[in-house]
Amino acid sequence: MVAVSKYDPLLQYLSKSDQSVLTLSFADIERILGDALPPSARQHQAWWANETVGTHPHANAWMDAGFAIEDADLNAGKVTFRRCG
C-alpha cells in the first residue's frame, strides 16, 4: 500500500500544469490541498527549500512534479514554481 501525503494534491496539480512558471498564493495552495499550510510555511523561508534528500513531503511534492521553488515571498504570501529541465 502506498502512503498518501497531505501534499499529493499539490503534486497532482503541478504535474497536470502545462505552464513552465506558476505563481500561487498561499490561499491557492491551501485550496489545492484542502487543508491549511503549517505556520512554518508562512514564517520560515527554509520551509520552501528545494530539498532532494530528506523526509519533507511538501518539497517532494513539487520536486516529484518536476518543479522547483524559484521564489517564496512570505510577506506577499506567494510562491513561484519553475519547471526543472
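Thresholds applied
- Residues numbered from 1 in each chain as written.
- Predicted model: local features only at pLDDT ≥ 70, side-chain atom pairs only at ≥ 80, totals over all residues.
- Heavy atoms only, no water.
- Phe/Tyr/Trp six-rings, centres within 6.5 Å; stacked < 30°, edge-to-face > 60°.
- Helix = DSSP H or I, 4+ residues; strand = E, 2+ residues; numbered from the N terminus.
- Buried < 20%, exposed > 50% of the residue type's maximum accessible area, 1.4 Å probe, protein only.
- Pairing = 2+ DSSP bridges.
- Axes fitted to C-alpha atoms, helices over the stretch in contact; angles between N-to-C directions.
- Parallel < 35°, antiparallel > 145°, perpendicular 65-115°, else oblique.
- Left-handed = near helix turned anticlockwise from the far one by under 90°.
- Contact = heavy atoms within 4.5 Å.
- Nonpolar A, V, L, I, M, F, W, Y, C, P; charged D, E, K, R; others polar.

Draft legend 1. Here's a closer look at the packing of aromatic side chains. Inspection of the entire model under this criterion finds six aromatic pairs. Relative to W62, the ring of W48 has its centre 5.6 Å away and its plane inclined at 20 degrees; by these criteria the two rings are stacked. On the criterion of sequence distance, the pair formed by W48 in the loop between α3 (39–43) and α4 (57–64) and W62 in helix α4 is long-range, its members being 14 residues apart. Classification of W62 as buried rests on a relative accessible area of 0%. Put simply, the rings of Y7, F26, W47, W48, W62 and F81 touch in pairs and so form one group of aromatic residues.

Draft legend 2. Fine view of the pairing of strand β2 (residues 67–73). Both β2 and strand β3 (residues 78–83) contribute to a ladder of six bridges, which runs antiparallel. Across the sheet, residue D73 finds its bridge partner in β3, namely K78. Following β2, the chain reverses through four residues before pairing antiparallel with β3; G77 in that reversal takes a positive phi of roughly 70 degrees.

Draft legend 3. Quick look at the packing of helix α1 (residues 8–16) against α4. Contact geometry of α1 with α4 gives a least axis separation of 8 Å together with a crossing angle of 15 degrees. Comparing their axes, α4 and α1 come out roughly parallel. Helix-helix and strand crossings are classified by hand; for α1 and α4 the assignment is right-handed. Every residue of α4 that contacts α1 at L10, L11 and L14 is listed here: N60, A61, W62 and D64. Looking at side-chain class alone, the contact of α1 with α4 contains five nonpolar, one polar and one charged residues.

Draft legend 4. The environment of S17, seen in detail. With respect to the helices and strands, S17 occurs in the loop between α1 and β1 (21–25). Overall, the relative accessible area of 13% leaves S17 in the buried class. C-alpha of S17 to C-alpha of P38: the two residues are 21 residues apart in sequence and 24 Å apart in space.

Draft legend 5. Seen up close, the sheet that holds β1. Pairing within the open sheet is antiparallel, and its three strands lie in the order β1-β3-β2. Unpaired on one side and paired on the other, β1 and β2 mark the two borders of the sheet. Averaged over all adjacent pairs, the angle separating strand axes in this sheet is 25 degrees, with direction ignored. Relative to β1, α1 is tilted by about 145 degrees, and along the sheet it contacts β1, β2 and β3. Along the sheet, α4 makes contact with β2 and β3, crossing β2 at roughly 120 degrees.

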